[in-house]
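Structure at a glance
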Amino acid sequence: MLKYDTIKSTDDEFLMRTYTRMPALFVQGSGCSLWDNRGNEYLDLLAGIAVCQLGHCHPAVVAAITRQAQQLIHTSNLLLTAPQAQLAKRLCEISGMDRVFLCGCGATANECAIKIAKKHGNSKRPDGDYQIITLNRSFHGRSLGALSATGQLKYQRPFKPIVPGFVHVEANNLEELREAFSHSTAAILLEPIMGEGGILELTEDYLREAQRLCQEHNALLMFDEVQCGMGRSGKWFTYQHYGIKPDVLVLAKALGGGVPIGATLACGRAAEILEPGDHGSTFGGSPLACATALAVIDTIEHQDLLEHVTHIGNLLATGLAAMGLTVTGKGLMIGAALDKPIAKDLVKKCFEKKLIINATDDYTLRFVPPLIVTEDQIVHALGILAEAMSVPAPMIPRSGVRAKALVKPLHDVLSIDDLSTAQIEEVIDLAVYSKQRRRIAPSVINPVENRTVAMVFEKQSLRTRVSFETAIVELGGHPVYLGKGDIAMGARDSVADVAQNLSRWCNLIVARLYWQKHLVELAEEANVPVINALTEWEHPCQALADMQTIQENFGQDKVKIAYIGDGNNVARSLAKLATRIGYPVTICGPENFRLEPMEGLTQTTDIEEGLDGAQVVYTDVWVSMGDEHEQEHRLKVFEPYQVNGRLMSIAEKDAIFLHCLPARRGFEVTTEVIDGPQSKVVDQAENRLHAQKALIQKILGL
């Protein structure tokens, strides 16, 4: 076991003495928790100083690092790599900016911004208008240019002379701000929420006046959101709270979720200032860092963490205020001002009680926890702080609201009826996203976190097995395939015994059974979620994939769907789903093979009527799932409903053809149709992977 004394002495001997460390040796982290070498668990509300936005070792971050490290780690910026371009695009999408320069940290990102400002100023007049306004108490980094921008003498004094050209003014002082601007002003660099300066939020009036003055003096408005950006304020970027858009935006810290990366974003004229040779970074924009940053962005977005930040931030601020502290900041970037210079002492006392917080000065406590922090963790932290302050713990009403990242909104999905309309739309949206991300690998969402999924298959299926196994593996889980001979459910073992044992071993059961009643019994007896991978009654996963395919071809238009042939399990699930969200559906087949009535569903024996106006033509095998004893009769009565060129000509010219597969060419469909240009069956089969992946993620997602 690693020993604290041994590592501490090595640290003291070989590292430059630039840090004062807390007295513990940390060896492991997960979520909002850190563990020292003695096994003590600490609640971390500092998050590596606003870096570990998703907490420690989040599965999406770990997966992105692991996968990208196996593919490509570094090339230099002389060569083109996909993650860098993809990250730049995503950053521009969420920020509204035009171009990105990627570097290694916040200081180097600020250096890039300063160079943009200097070159802009020097281009204004031959003499050069290169002054940059920054704020007293600001902090922009420790490299020499960023240090010169920083408005704190304690950091600058040992390294004078600093870089000239910086003018420092008081935050939120409008008159002083106006006086500082002149024709010599190239830019103003502001932190919308000042971090090291004591979690001081700039007012909207101040930010708007800075914007106006920049426009008046042909100067650049530059925001340093190294600490307050990437969701920490409750929006992607703090300036978005006010509808103010800077010319230059500086990011780092949380962007990489723990992996070093910085970014300087610019729009309009500022995006075109730097030219080849003006700037560079050896390690900037490495595939490893960019893939990880993509994972951070994707996870924040798909787990609705911005909304969660606002809720939890309000809870934290309310609790601190109830303890008599003056609260500043926004979202989960919170400062608590004390009336005595005891902040650093409180940090030590809290650390002894296994709570990690920080002090920006003697009077201000800083709270920048991971965005995934829960209500319970906030209440626990407030209790520790109250004890350290010798005041009563605040009584905080908890709503029970948790981030999407921390809830399981779905359980059993045995039928389309188990999904609300909103959940159907969420699953399809997530499936579409999954498909897009998979095509621009590396995939970065990995929410199943090495959990095990039992695949109980009474009936074999190539597509269902491979698509589910692939989905589970790509989500970070382990599929265990159990065929009919492995389980013999109802013969060697009862359904109840199978369910109860699998519940102890596995986290999810995917079942492909002959009879819906057995699936229902399995779900009733199991203590883990169950997904219907097909029964004689329904095929919900197929219906989700079908709708994804339809929307890929027709967008959100509510096109008519004509299902030709047997009103079977596939038809039932598709009809339920499609009519629920407003699509007209017609079942066209023999009268004795219809579905139960449902709103929005038309059923007819007339082929012309069924196909009139249809833009989706769908069929399935005529003999399946226990109907084999009726094969001769079924082949005879369904023969007029074979989907061939003549039937497709009755539908709309842009109609697509779908089939659940496997297809029996020459029976329910001709080769010319299923292999023809209107056929989307391969896309449809691919979408099974993404629909199932989305469904698993909604059930087991972190």
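Reference entry: report on the structure contained in this document.

Definitions and limits used
Residues numbered from 1 in each chain as written. Predicted model: local features only at pLDDT ≥ 70, side-chain atom pairs only at ≥ 80, totals over all residues. Heavy atoms only, no water. Helix = DSSP H or I, 4+ residues; strand = E, 2+ residues; numbered from the N terminus. Buried < 20%, exposed > 50% of the residue type's maximum accessible area, 1.4 Å probe, protein only. Core = buried A, V, L, I, M, F, W, Y, C linked by side-chain atoms within 4.5 Å. Contact = heavy atoms within 4.5 Å. Axes fitted to C-alpha atoms, helices over the stretch in contact; angles between N-to-C directions. Parallel < 35°, antiparallel > 145°, perpendicular 65-115°, else oblique. Left-handed = near helix turned anticlockwise from the far one by under 90°. Nonpolar A, V, L, I, M, F, W, Y, C, P; charged D, E, K, R; others polar. Polar contact = N/O pair within 3.5 Å; in protein donor to acceptor, adjacent residues only side chain to side chain. Patch = residues over 30% accessible without salt bridge, like charges linked within 9 Å, V, L, I, M, F, W, Y side chains within 5 Å. Areas by Shrake-Rupley, 256 points an atom, 1.4 Å probe, with all protein chains shown as cover. Salt bridge = Lys/Arg side-chain N within 4 Å of Asp/Glu carboxyl O. Lys, Arg positive; Asp, Glu negative; His and termini not counted. Charge placed at Lys NZ, Arg CZ, Asp CG, Glu CD.

With respect to the helices and strands, the residue asparagine 314 is situated in helix α11 (residues 305-322). Using a relative accessible area of 48% as the deciding quantity, one classes asparagine 314 as partly exposed. Considered as a pair, asparagine 314 and lysine 330 are 16 residues apart in the sequence and their alpha carbons are 8.5 Å apart.

In this structure, Leu91, Leu190, Leu365, Phe367 and Leu385 are the most contacted members of the largest nonpolar core, which totals 86 residues. In this view, phenylalanine 367 contacts Leu45, Leu316, Leu320, Leu332, Met333, Ile334, Ala336, Ile357 and Leu385; residues no more than four positions away in its chain are not counted. Ranked by size, the runner-up nonpolar core spans 56 residues in total, among them Phe468, Leu508, Leu601 and Ile656.

This part covers the packing of helix α17 (residues 495-505) against helix α18 (residues 516-525). Close contact between α17 and α18 brings their axes to 8 Å; oriented N to C, the two are set at 45°. If you check the angle between α17 and α18, you find them oblique. Judged by the twist between their axes, the crossing of α17 over α18 is right-handed. Every residue of α18 that contacts α17 at Val495, Ala496, Val498, Ala499 and Gln500 is listed here: His518, Glu521, Leu522 and Glu525. Looking at the contact of α17 with α18 residue by residue, the classes come out as five nonpolar, two polar and two charged.

On to the environment of serine 33. Relative to the helices and strands, serine 33 resides in strand β2 (residues 33-36). Serine 33 sits 283 residues away from leucine 316 along the chain, and the two C-alpha atoms are 18 Å apart. Setting aside anything within four residues of it in sequence, one finds serine 33 in contact with Gln28, Glu41, Tyr42 and His56. At a separation of 2.6 Å, a polar atom in the side chain of serine 33 contacts the side chain of glutamate 41.

On the surface, Asp606, Glu608, Glu609, Asp612, Glu652 and Asp654 cluster together into a patch of negative charge. Within the fold, glutamate 608 resides in helix α21 (residues 607-611). When its relative accessible area of 48% is taken as the criterion, glutamate 608 is described as partly exposed.

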